[in-house]
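If you want the building blocks of each chain, they are given just below.
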Amino acid sequence: MARIAYNADDAAAFEVNRHIPYHGLTAWKAAVARQLNPRSGMRLLDVGSGTGMWARAFTDWYDIEVVAVEPSEAMRARSSYPQVLPGDAAAIPLGDTSVDAAWLSTVIHHVPDLAEAGRELRRVVRPGGPVLIRSAFAGRHDAITLFRFFPEAIRVLDSFPSVADVEAAFARYGFTTVAFEPVPQVTFPSVRAAAAALRREAHTPLQLITDAEYAAGLARLRAAAETETGPVVDALDLLVLA
């Protein structure tokens, strides 16, 4: 089972709190283009597409086809991407060698069996095609603002797969690491905006800390919102396997 079984409230919170405007994703647009080398006719699989932000972005940015797959019915119901297939990383509803590449964004910690995901991605991605994994990995919290205000949630993050865990599991099916880089993003225009938009249900680490820990972190965030200026810039990691 995934760590969080997203219901309608979770999906609504995710849509409000986790969708980033395109101008905040400039570095991600460039990083994905470098690793994906998008071209007309390319078919990209988006595993765990959520409410559709990345599938929509990729079709807007590049002249490619995106096949979105999402296990949560509630997420599919709120997706801004027009067609989303039910399925997950261990049961991808596509034929063998039917996509040129795959994308997984903040999904890998919900995958119960990484090796099964590696097997399925090896099956559906054409030989040599890249698998791009965007994630907050265990031990990699320093560049993520959320953990500054909710340090108690670091213990949850550290229960997520590490980069080495993912590499080892996928290596069983012939994947090797092609690239690894932290990629910055402007998550919110200000700390005040981040505090106003925060929904606990949108963040797995916040759902898995205690109510008292969440309240303490929220108080820290709201206090900072009164004094701090400038955008909230985070960096998540991009791991590319092929």
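Here the structure is shown first, and the text comes after it.
Residues numbered from 1 in each chain as written. Predicted model: local features only at pLDDT ≥ 70, side-chain atom pairs only at ≥ 80, totals over all residues. Heavy atoms only, no water.

K.L.:
Would you take a moment to explain the nonpolar core for this structure?
P.N.:
Note on soluble globular proteins: their nonpolar side chains tend to be buried together. Among the nonpolar cores identified, the biggest contains 53 residues, and Trp28, Phe58, Trp103 and Phe150 are the most heavily contacted of them. Setting aside anything within four residues of it in sequence, one finds Trp28 in contact with Trp54, Tyr62, Trp103, Arg134, Val183, Pro184, Gln185, Leu236, Asp237 and Leu238. The next biggest cluster of nonpolar side chains, apart from the first, holds 28 residues, and it includes Ala102, Ala117, Leu121 and Ala169. (Core = buried A, V, L, I, M, F, W, Y, C linked by side-chain atoms within 4.5 Å. Buried < 20%, exposed > 50% of the residue type's maximum accessible area, 1.4 Å probe, protein only. Contact = heavy atoms within 4.5 Å.)

K.L.:
Can you walk me through helix α5 (residues 114-124) in this structure?
P.N.:
Quick reminder: α-helices carry 3.6 residues per turn. Residues three or four places apart thus point the same way. Considered for burial, the residues of α5 that qualify are Leu114, Ala115, Ala117, Gly118, Glu120, Leu121 and Val124. On its buried face, α5 is in contact with β1 (43-47), β4 (101-105), β5 (131-135) and α8 (163-171). Regarding α5, its N-cap is Asp113, as a side-chain oxygen of that residue lies 3.1 Å from the backbone nitrogen of Ala115 further along. (Helix = DSSP H or I, 4+ residues; strand = E, 2+ residues; numbered from the N terminus. Polar contact = N/O pair within 3.5 Å; in protein donor to acceptor, adjacent residues only side chain to side chain.)

K.L.:
I keep staring at the packing of α5 against α8 and nothing clicks. Help me out?
P.N.:
Each pair of packed helices gets described by two things: the angle between the helix axes and the distance between those axes. Viewed as axis vectors pointing N to C, α5 and α8 meet at an angle of 50 degrees, and their least axial separation amounts to 8 Å. Taken together, α5 and α8 sit at an angle that is classed as oblique. Judged by the sense of rotation from one axis to the other, the crossing of α5 with α8 is right-handed. Note on element contacts: α8 touches α5 through Asp165, Val166, Ala169 and Phe170, opposite Leu114, Ala115, Ala117, Gly118 and Leu121. Broken down by class, the residue content of the contact of α5 with α8 amounts to 7 nonpolar, 1 polar and 1 charged. (Axes fitted to C-alpha atoms, helices over the stretch in contact; angles between N-to-C directions. Parallel < 35°, antiparallel > 145°, perpendicular 65-115°, else oblique. Left-handed = near helix turned anticlockwise from the far one by under 90°. Nonpolar A, V, L, I, M, F, W, Y, C, P; charged D, E, K, R; others polar.)

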